[in-house]
Amino acid sequence: MKKLLFTLSLSLLLQAGAALAQTLYVNPDADNDAADGSESAPYASLEKAVAIANELTGSAPITIKLFPGLYSLTDKVAIHPLRMLNDTTRFTVEAVVMPDDEDWLPTKMPVIQSISSNNSSTQFVHSTGLLVATSHVTIRGLKFLGSARPDVTYYYPISKEDETIGDMVVSQCYFVSEVHSSQIQGAIWAQGPKTSIDHCIFYNCRNAILLFRSVEDFSVTNSIIYGANESAVWMGPVERFTFKNNVIAGGNYVWVRPGGSSPAYKFIDCVMVDNEHYMGYYGSNGLVETTNNKNFVETNVVKKGEAELVIRKEPAYPVNYLHLTPESVGYGLNAGIFNKPKSSSGM
């Protein structure tokens, strides 16, 4: 009996160890990458953690947890594990402290910025931050800045190039761009099915969301897209998607579709105010033209009013910076990085 209990205990310990081995930690303030990736001895770079995670075997979910700090990417970071993933064994890159945690503050959010030159020639020469090259990937609780390289014209913090893979979730993330110093050409550029974007904020990105090829069954919910100086969304001729509880304000085009198409897009419970244009289309020359085509369905879409954001006026970040102020139209949509709204008093 004792031998049986010992064997069972050993088996459980080995299983627990295997599960624990699938979780890696990263701290940009760590000494170097010659660590074991544990919580007490984290890797120093996201590149090292992803490289190790890509080689993991086993059956547990793969999770990379990022401590607060600035992560500077010197090249694109490709997520392409050797093992097969599924809905219950996902590859997740997330913050150690998530926005809905009680002790969360803006200073605890991991910040990712690329200092890489152009590192991809897919379709055209550009720079990519995180390249999602497998299905069943979640990215959450992170803040992405624009490229700091003056020689990079087109930068995409998150890309999914392969249109045969699906199930990518991006949630509770910031994408913050500045056109004169650190521009984001497109925050999320994703081909293929089942892309889910939830509770994100896109601020002054040239384009927020780009979805062109083999796109189906995707969703954008509870997100804020502000100041998109080209378009909030570029979208292929697909009609099966969810676009709900979003705010698009202060930008150029709300939506750009392929020329020669008139898909019946559906927008539900959204605010779209203070934009130069509503619908545009793109042709073979890649230029955007305005269209008056109204072959889309709007349910509770507000187009009048003012959407004002909480901005940083003091040295410290307000806990809800770049969220809608209480007086703004659409405040009740709960758009922003929090699943549960926080007040500005939580400093």
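Residues numbered from 1 in each chain as written. Predicted model: local features only at pLDDT ≥ 70, side-chain atom pairs only at ≥ 80, totals over all residues. Heavy atoms only, no water.

> How would you explain the layout of surface pockets if you had to name every residue and give the values?
In this structure, the largest pocket spans a volume of roughly 340 Å³. For the largest pocket, the lining is made up of 15 residues, of which Phe-124, Tyr-156, Gln-185, Phe-212 and Trp-234 are closest to its centre. Grouping the amino acids of the lining of the largest pocket by side-chain chemistry returns 8 nonpolar, 5 polar and 2 charged. (1 Å grid on protein atoms, 1.4 Å probe; cavity = no way out; pocket = protein on both sides within 12 Å on 5 of 7 lines; lining within 4 Å. Points joined across faces, edges and corners; volume = space filled by probe spheres on them. Nonpolar A, V, L, I, M, F, W, Y, C, P; charged D, E, K, R; others polar.)

> Could you give me a rundown of the confidence of the model for the protein chain, with the residues and numbers involved?
Chain-level statistics for the protein chain give a pLDDT mean of 90 and a share of 92% at 70 or above. Across residues 2-21, where pLDDT falls below 50, the model places 2 contacts with residues more than four positions away in sequence or in other chains. (pLDDT = per-residue confidence, 0-100. Contact = heavy atoms within 4.5 Å.)

> I'd like a description of the pairing of strand S24 (residues 277-282), backed by residues and values.
Pairing of strand S22 (residues 253-258) with S24 involves 5 bridges; the strand directions are parallel. From the neighbouring strand, Val-256 faces S24, where its bridge partner is Gly-280. With 3 bridges connecting them, S24 and strand S25 (residues 288-290) associate as antiparallel partners. Each bridged residue has a counterpart across the sheet, and for Gly-280 the counterpart in S25 is Thr-290. Connecting S24 to the antiparallel partner S25 that follows it, the hairpin turn spans 5 residues, and Gly-286 within it adopts a positive phi of roughly 80 degrees. (Pairing = 2+ DSSP bridges. Helix = DSSP H or I, 4+ residues; strand = E, 2+ residues; numbered from the N terminus.)

> Please give an account of the pattern of salt bridges that cites residues and values.
Enumeration over the complete set of coordinates arrives at 8 salt bridges. Among the ionic pairs, Lys-65 bridges to Glu-94, the shortest N-O distance being 2.6 Å. Residue Lys-65 is found in strand S2 (residues 62-66), and its partner Glu-94 is found in strand S5 (residues 91-95); the two are separated by 29 residues along the sequence. Of the charged contacts in the structure, one is a salt bridge between Asp-167 and Arg-90, with a shortest N-O distance of 2.8 Å. Remark: Arg-90 occurs in the loop between strand S4 (77-79) and S5 and Asp-167 occurs in the loop between strand S10 (155-160) and strand S11 (168-171); sequence separation between them is 77 residues. Note on accessibility: Asp-167 and Arg-90 belong to one class, buried. One salt-bridge network, in which partners are shared between bridges, spans Lys-65, Glu-94 and Arg-140. (Salt bridge = Lys/Arg side-chain N within 4 Å of Asp/Glu carboxyl O. Buried < 20%, exposed > 50% of the residue type's maximum accessible area, 1.4 Å probe, protein only.)

> Describe the sheet that holds strand S16 (residues 207-211), naming the residues involved and giving the relevant values.
Across the sheet, which stays open at both edges, the 9 strands sit in the order S4-S7-S10-S13-S16-S19-S22-S24-S25 with mixed pairing between neighbours. What marks the edges here is a single partner per strand, and that holds for S4 and S25. Each strand of the sheet is rotated relative to its neighbour by a mean of 20 degrees, with strand direction disregarded. Sitting on the sheet, helix H2 (residues 46-54) is in contact with S4 and strand S7 (127-132), with an inclination near 25 degrees to S4. (Axes fitted to C-alpha atoms, helices over the stretch in contact; angles between N-to-C directions.)

> I'd like to hear about unusual backbone geometry, residue by residue, with values.
Its identity as a non-glycine residue notwithstanding, Gln-123 has a phi of 70 degrees, on the positive side. Residue Gln-123 is classed as partly exposed on the basis of its relative accessible area, which comes to 45%. Positive phi is not limited to glycine here, since Ser-214 has a value of about 50 degrees. One can find Ser-214 in the loop between S16 and strand S17 (218-221). Overall, the relative accessible area of 37% leaves Ser-214 in the partly exposed class.

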